[in-house]
Amino acid sequence: MTTGSEQVNGARQWLRGLEVFARPLPEFDPEEAPDDPVRLFLSWLVEAVADGVRDPHAMTLSTVDSAGDPDARVLILKGVGPEGWQFAGHAFSPKGGQLACHPRAALTFYWPEHGRQVRIRGPVTPGSGEVNAADFLDRSPTARAESLLGRQSQYLMDPAERDHALEKALAMIEREPSLVDSAWTLYTLAPAEVEFWQAAKDRVHTRLRYERTAAGWERLRLWS
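A quick note: this is a predicted structure, and the numbers were derived from the prediction, not measured. (Residues numbered from 1 in each chain as written. Predicted model: local features only at pLDDT ≥ 70, side-chain atom pairs only at ≥ 80, totals over all residues. Heavy atoms only, no water.)

A.B. asks: Would you take a moment to explain the overall build of the protein chain for this structure?
C.D. replies: What the protein chain contains, in helices and strands, is 6 helices and 10 strands. The dimensions of the protein chain, computed from C-alpha atoms along their principal axes, are 65 × 60 × 40 Å. Here the protein chain holds 224 residues, and the buried ones make up 36% of them. In the protein chain, the share of contacts with a sequence separation of at least 24, taken over all contacts with a separation of at least 6, comes to 64%. (Helix = DSSP H or I, 4+ residues; strand = E, 2+ residues; numbered from the N terminus. Buried < 20%, exposed > 50% of the residue type's maximum accessible area, 1.4 Å probe, protein only. Contact = heavy atoms within 4.5 Å.)

Rendered as structure tokens:
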């Protein structure tokens, strides 16, 4: 019989044997990086899309709850520009409640084929009613119907109950295609700092951080 300690040791050895950064990695020269982190982010994102990286616009959103405990989940990037990085969610969801309590967050992008990460931190603000409504109406009918249920992350005791409620919500949307969930929110994270991380096979990774100052962005190299 395999003991618990043997399983743990076996998992440790197995994990250490998994190869990382198996593909050729792109070059990154921080000295040639633009003054604005948004420009660098978009160039990395374009490269990821061009090279077929799966779900390159997926990101991990990290928040904290009222007790200070961290929470994280993967979302889709909805927009990026001078104002910041955008994502959407229901105001009554766990992340919505956490952002209402502590309106700051972190975003993490990881493109494994390129050995690249981008980490962003800063304050988060909700969009206006008009902006939120426009984002809601851009969603698929099923996604809008689920939002209208307003029960994200609640305990599901009977899937049939969910299916019935979803069917009713879809029928309501079909009758009223302009119907909007007032709790749907487009959030914008205004970056206080943005870090770009480029892996190297020899583990001497390259890290460049942009920090916002009163005069604009400052670029700083970090130890790997």
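Let's pick the thread back up.
A.B. asks: Is there a simple way to think about a nonpolar patch on the surface in this case?
C.D. replies: Where nonpolar side chains cluster on the molecular surface, the patch consists of Trp14, Leu15 and Leu18 and spans about 350 Å² of accessible area. For Leu18, the position within the fold is in the loop between α1 (4-17) and α2 (37-50). Residue Leu18 is classed as partly exposed on the basis of its relative accessible area of 44%. (Patch = residues over 30% accessible without salt bridge, like charges linked within 9 Å, V, L, I, M, F, W, Y side chains within 5 Å. Areas by Shrake-Rupley, 256 points an atom, 1.4 Å probe, with all protein chains shown as cover. Salt bridge = Lys/Arg side-chain N within 4 Å of Asp/Glu carboxyl O.)

A.B. asks: When you look at the pairing of strand β8 (residues 193-198) in this model, what are you seeing that I'm missing?
C.D. replies: The side chains of a regular strand alternate between both faces of the sheet. In terms of residue burial, β8 counts as a mostly covered element, since 6 of its 6 residues are buried. Where burial is concerned, the two faces of β8 agree: the one with Glu193, Glu195 and Trp197 and the one with Val194, Phe196 and Gln198 are both buried. Note: strand β6 (residues 116-126) against β8, 6 bridges, orientation antiparallel. Residue pairing in the sheet places Arg121 in a bridge with Glu193 of β8. Pairing of β8 with strand β9 (residues 206-213), which is carried by 6 bridges, proceeds in the antiparallel orientation. Note on β9: the bridge partner recorded for Phe196 is Leu208. (Pairing = 2+ DSSP bridges.)

A.B. asks: Would you mind showing me how to read the nonpolar core here?
C.D. replies: Grouped burial of nonpolar side chains is what soluble globular proteins tend to show. Core analysis: the largest hydrophobic core is formed by 29 residues, its most contacted members being Phe41, Trp85, Phe87, Phe109, Trp111 and Val118. If you list the elements that add at least two residues to this core, you get α2, β1 (58-64), β4 (84-90), β5 (104-111), β6, β7 (184-189), β8 and β9. Top contributing element to this core by residue count: α2, with 6 residues. Excluding residues within four positions of it along the chain, Phe41 makes contact with Leu77, Val80, Trp85, Phe109, Trp111, Val118 and Phe196. (Core = buried A, V, L, I, M, F, W, Y, C linked by side-chain atoms within 4.5 Å.)

A.B. asks: Whenever I open this one, helix α6 (residues 159-175) confuses me. Can you help?
C.D. replies: An α-helix turns once per 3.6 residues; consequently, residues spaced three or four apart project the same way. Taking 1.5 Å per residue as the helical rise, α6 with its 17 residues ought to reach 24 Å, and the 25 Å between its terminal C-alpha atoms agrees with that figure. Three or more residues of α6 are buried, namely Leu166, Ala169 and Ile173. Viewed end-on, α6 has its buried residues packed into an arc of 65 degrees, placing them on one side of the element. Across α6 from its buried face, at more than 90 degrees, point the exposed residues Glu167, Lys168, Glu174 and Arg175. If you follow the buried residues of α6, they end up packed against α5 (141-149). If you check the start of α6, you find a side-chain oxygen 3.0 Å away from the backbone N of Ala160, and it comes from Asp158. (Expected span 1.5 Å × (residues − 1). Arc of directions from axis to C-beta. Polar contact = N/O pair within 3.5 Å; in protein donor to acceptor, adjacent residues only side chain to side chain.)

A.B. asks: Which parts of the structure should I look at to understand the side chain of Arg144?
C.D. replies: Counting through the fold element by element, Arg144 comes out in helix α5. An unpaired buried charge is present at Arg144: no salt bridge exists, and Asp138, the closest side chain of opposite charge, is 8.4 Å distant. (Lys, Arg positive; Asp, Glu negative; His and termini not counted.)

A.B. asks: Would you take a moment to explain the packing of α5 against α6 for this structure?
C.D. replies: In helix packing, the relevant descriptors are the interaxial angle and the interaxial distance, both defined with respect to the helix axes. Running from N to C, α5 and α6 cross one another at 115 degrees; their axes reach a closest spacing of 8 Å. As α5 packs across α6, the resulting crossing turns out to be right-handed. Across the interface between the two elements, Pro141, Thr142, Arg144, Ala145, Glu146, Leu148 and Leu149 of α5 pack against Ala165, Leu166, Ala169, Leu170, Met172 and Ile173 of α6. (Axes fitted to C-alpha atoms, helices over the stretch in contact; angles between N-to-C directions. Left-handed = near helix turned anticlockwise from the far one by under 90°.)

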